[in-house]
Amino acid sequence: MAARTKTTKDRPSYRCTECGWQTAKWLGRCPECQAWGTVEEYGTPAVRTTSPGRVTTSAVPIAQVDGRQATARSTGVPELDRVLGGGLVPGAVVLLAGEPGVGKSTLLLDAAAKSASAEHPTLYVTGEESASQVRLRADRINALHDHLYLAAETDLAAVLGHLDAVKPSLLILDSVQTVASPEIDGAPGGMAQVREVAGALIRASKERGMSTLLVGHVTKDGAIAGPRLLEHLVDVVLHFEGDRHARLRLVRGVKNRYGATDEVGCFELHDEGITGLTDPSGLFLTRRDEPVPGTCLTVTLEGRRPLVAEVQSLTVDSQLPSPRRTTSGLETSRVSMMLAVLEQRGRISALGKRDIYSATVGGVKLSEPAADLAIALALASAATDTPLPKNLVAIGEVGLAGEVRRVTGVQRRLSEAHRLGFTHALVPTDPGKVPPGMKVLEVADMGDALRVLPRSRRREAPRDAEDRR
């Protein structure tokens, strides 16, 4: 008797719990979203059809829909409103993620107190701390308000009960990974629990017209912990960035259904709390009476906001066979590229035999190519021990052939530099409209750019051993 052939209906199927990708065999890593350990077996679903049912709301022409119900309300923190697109929209769900200790709870507690009022009460639910701990922080940052309610809960049913009792206009949950539903198997923070908690709170927000701010944890790679579905469900995704050893904090919009995704909010974290910075360029500059070798200023764009930043470099004779290359706030690969361009195109060969240290001021991170010219000039200034002219900014991308390429937003960058009192600028060719009173030097390659170093004071670096003798 022939053996029974296993039909397609009897075969097991596998599905990724992160993105929903399906396959006929098990894999350790999902080829769609590249997540490990998310492919699980599930039964072949029976084919069902859904018959038409009663509609809850009749379809109307889009021009007749009342858009006033989606009017944003200010959080009381202008820098946060800037990233959100004007404020919080009723019914919107915002996910704020960031590393531990970066200041997420401090920022949201301050926003909760400033947005609370008799007409718009605020509910702050903490699952990571006790109510007394949050009260101590509120005393320190002066975030007390009669209509700001505080609850320490880790049960989803209890959180929904608080919504019925307080009826808030704004709910802040810190954090979504600490709350669990007893009806769902799994520990708090697991994929199933996070999906259930987020889904329940999103439904409550839409039904009540309540704005919701969810705090999310991040993994060691900087990605938001939990299922990727969480980012798709919410309306706004914000990333809170910053070095814990620096005062600067940045709130960057990653997804926003109600505004632009290229906005950045700047904050300063201090002992008394966190404050917004409408003009943060002062944190990234060092004011001096006389210019110092190895320093150069540039203008970077964080979203649509121009910020003047300072690049510093230091070169010293090395005692090691392999000289050190240390960077802080700069990409090591871009600094190495600028060293190669200076050595080959700028004829400064002594850089390869020295220890080189490059950093930014104030904890700002420069990753865009527009900072290439400033990095190269700072390295050349340090190698020749010659300071650049005072009140000079350098903007431009440097190619491996030594050419200086155009970058986006040159006019906005020049306007910001002119507003802060800088009178000279090095830019690629054809910069567009220049602010009145500002002298702009157009450079086509690194040879043109290196001519800004005063020759009368420049100490040329030796090119080889014969020159040193």
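Just above, that's the structure.
Definitions and limits used
- Each chain carries its own residue numbering, running from 1 in the direction its sequence is written.
- Note on the predicted model: pLDDT of at least 70 is required for a residue's local features to be given, and 80 or more for side-chain atom pairs to be given and counted; whole-chain, interface and lining totals, by contrast, use all residues.
- Side-chain metrics in this entry use all non-hydrogen atoms of the structure; hydrogen atoms and water are not considered.
- With a 1 Å grid spanning the protein atoms alone, the term cavity applies to any set of points in which a 1.4 Å probe fits but cannot get out, the term pocket to an open set with protein on both sides within 12 Å along at least five of seven lines, and the term lining residue to any residue with an atom within 4 Å of a point.
- Grid points are joined across faces, edges and corners, and a volume is the space filled by probe spheres set on the points.
- Polarity classes work like this: nonpolar for Ala, Val, Leu, Ile, Met, Phe, Trp, Tyr, Cys and Pro, charged for Asp, Glu, Lys and Arg, and polar for all others, with Gly in that last group.
- Only DSSP runs of H or I with at least four residues qualify as helices, and only runs of E with at least two residues qualify as strands; both kinds are numbered from the N terminus onward.
- Only when DSSP finds a minimum of two bridges between them are two strands counted as paired.
- Here a crossover is taken to be right-handed if, once the strands point away from the viewer, the path from the first strand over the helix to the second is traced clockwise.
- With axes taken as lines fitted to C-alpha atoms, and helix axes fitted only over the stretch in contact, angles between N-to-C directions fall between 0 and 180 degrees.
- Angle categories are assigned with fixed cut-offs, so that under 35 degrees is roughly parallel, over 145 is roughly antiparallel, 65 to 115 is roughly perpendicular, and the rest are oblique.
- Throughout, a crossing is termed right-handed when the near helix is turned clockwise from the far one, and left-handed when it is turned anticlockwise from it by less than a right angle.
- The contact criterion used is simple: two residues touch if any of their non-hydrogen atoms lie within 4.5 Å.
- By salt bridge we mean one thing: a side-chain nitrogen of Lys or Arg within 4 Å of a carboxyl oxygen of Asp or Glu.
- Burial status follows relative accessibility: with a 1.4 Å probe on protein chains alone, a residue under 20% of its type maximum counts as buried, one over 50% as exposed, and anything between as partly exposed.

*Asks:* Can you explain empty space enclosed by the protein? Please cite residues and give values.
*Replies:* Under the defined criterion, the tally for this structure stands at 3 cavities of 30 Å³ or more. Its volume calculated, the largest cavity comes out at about 40 Å³. Lining the largest cavity we find R325, T326, T327, T332, V335, S336, L339, I356 and S358. Residues that form the lining of the largest cavity fall into these classes: 3 nonpolar, 5 polar and 1 charged.

*Asks:* I'd like to hear about the layout of surface pockets, residue by residue, with values.
*Replies:* Here the largest pocket is characterised by a volume of approximately 520 Å³. Considering the residues around the largest pocket, the lining is formed by 23 residues, among which E241, G242, L250, R252 and K365 are closest to the centre. For the lining of the largest pocket, the elements supplying multiple residues, two or more each, are strand 4 (93–98), strand 9 (236–241), strand 10 (248–256) and strand 13 (295–302). Looking at the lining of the largest pocket, the element that brings in the most residues is strand 10, giving 4 residues. When grouped by side-chain class, the residues that make up the lining of the largest pocket number 8 nonpolar, 7 polar and 8 charged.

*Asks:* For the sheet that holds strand 3 (residues 39–42), give the residues involved together with the corresponding values.
*Replies:* Here 3 strands make up an open sheet; going across it, the order is 2-1-3 and the pairing antiparallel. The open sheet is flanked by strand 2 (22–23) and strand 3, the only strands paired with a single partner. Two strands pair when backbone bridges link them, and strand 1 (residues 13–16) and strand 2 are joined in this way by 2 bridges, in the antiparallel orientation. Following the sheet pairing, R15 is matched in strand 2 by Q22.

*Asks:* I'd like a rundown of the pairing of strand 15 (residues 325–328), residues and numbers included.
*Replies:* The pairing of strand 15 with strand 16 (residues 354–360) spans 4 bridges and is classified as parallel. Residue pairing for strand 16: T327 is matched across the bridge by S358. Note on the crossover from strand 15 through helix 7 (residues 332–344) to strand 16: the handedness is left-handed.

*Asks:* Lay out the packing of helix 4 (residues 156–166) against helix 5 (residues 191–208) with the relevant residues and their values.
*Replies:* Working note: a packed helix pair is described by the angle between its axes plus the distance between those axes. The geometry of helix 4 relative to helix 5 is characterised by a closest axis approach of 11 Å and an angle of 10 degrees between their N-to-C directions. The angle between the axes of helix 4 and helix 5 places the two elements in the roughly parallel class. The interaxial crossing formed by helix 4 with helix 5 has right-handed handedness. Residue-level inspection shows L156, V159, L160, L163 and D164 of helix 4 in contact with helix 5, the latter providing E196, V197, A200, L201, A204 and R208. Of the residues assigned to the contact of helix 4 with helix 5, the class counts are 8 nonpolar, no polar and 3 charged.

*Asks:* I'd like a rundown of the pattern of salt bridges, residues and numbers included.
*Replies:* Taken as a whole and assessed by the stated rule, the structure comprises 22 salt bridges. Residues E263 and R82 are paired through a salt bridge, measuring 3.1 Å at the closest nitrogen-oxygen approach. Of the two residues, E263 is situated in the loop between strand 10 and strand 11 (264–270) and R82 in helix 1 (residues 78–84); the sequence distance between them amounts to 181 residues. By relative accessible area, E263 is classed as buried at 10%. Between R208 and D164 there is a salt bridge; the shortest N-O distance is 2.3 Å.

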